[in-house]
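# Results of the structural survey
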Amino acid sequence: QVQLVESGGGLVQAGGSLRLSCAASGRTFSNYAMGWFRQAPGKEREFVSVFSWSGTTYYADSVKGRFTISRDNAKNTVYLQMNSLKPEDTAVYYCAAHTYSGISSYTKAREYGYWGQGTQLTVSS
C-alpha cells in the first residue's frame with residue numbers, strides 16, 4: 001500500500017509559476033514510476049507527466065517545455081514545477097503511483113493503482 005499526499009496548489013496569475021509536491025509513504029517509493037494527472041471540471045482525467053523508475057520523464061504535449069517533473073527518493077517525494085502557467089492549466093492535480101506490470105506508455109490512468117486526494121490549481125487570466 002502506498003499513501004500519497006499532494007500539496008502546493010493554489011491561485012496564480014497567468015504566466016506565473018508554482019511547484020506541486022507529492023509525499024509518499026508505505027511501500028518502497030523508488031520502485032514506482034510516479035505520475036501527475038489533472039482533471040478540469042467536466043473533463044476526463046488527463047496525463048500530465050511521469051518520472052519512471054529508470055529516470056525517464058515524459059510530458060503531455062500541452063505542458064512540454066513549461067512543466068518539469070522531478071523526484072527525491074530520499075524524501076519519498078515527487079514534484080511538478082509548473083512555469084508559464086495558462087488558464088487552461090486550471091484543474092485538480094493528482095499524483096499517482098504506477099502499478100501496472102506490462103508494457104506501458106505511462107499515460108493511462110488505469111495503470112496507476114495509488115492516487116492522492118488531489119490539489120487544486122487555479123490560473124487566472
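See the structure printed just above.
Quick look at the structure, then.

Scanning the model with the defined rule gives one disulfide in all. Note on cysteine connectivity: C22 is disulfide-linked to C95, with sulfurs 1.9 Å apart. Its S-S torsion of about 45° marks the bond between C22 and C95 as right-handed, since a negative value means left-handed. Taken together, the residues span a long stretch of sequence, with C22 in strand 3 (residues 18-26) and C95 in strand 9 (residues 91-98) at a distance of 73 residues. Taken as a pair, C22 and C95 share a single burial class, namely buried.

On to the packing of aromatic side chains, then. The description of an aromatic ring pair uses the distance of the two centres, along with the angle that the planes make with each other. For the structure shown, the criterion picks out seven aromatic pairs. Look at Y94 and W115: their rings are 6.3 Å apart centre to centre, the planes differ by 80°, and that puts the pair in the edge-to-face class. Placement of the pair is Y94 in strand 9 and W115 in strand 10 (residues 112-115), with a sequence separation of 21 residues. On the basis of relative accessible area, W115 is assigned to the partly exposed category, the value being 26%. Taken together, the aromatic side chains of F37, F47, Y94, Y112 and W115 make up a single cluster linked through ring pairs. Over the aromatic face of Y94 sits the side chain of R45, whose NZ or CZ is 3.8 Å from the ring centroid. One cation-aromatic arrangement involves R71 over F29; the distance from NZ or CZ to the ring centre is 4.4 Å.

Cut-off values and rules
Residues numbered from 1 in each chain as written. Predicted model: local features only at pLDDT ≥ 70, side-chain atom pairs only at ≥ 80, totals over all residues. Heavy atoms only, no water. Disulfide = S-S within 2.5 Å. Helix = DSSP H or I, 4+ residues; strand = E, 2+ residues; numbered from the N terminus. Buried < 20%, exposed > 50% of the residue type's maximum accessible area, 1.4 Å probe, protein only. Phe/Tyr/Trp six-rings, centres within 6.5 Å; stacked < 30°, edge-to-face > 60°. Lys NZ or Arg CZ within 6 Å of the ring centre and 35° of its normal.

Structural measurements only, silent on function.
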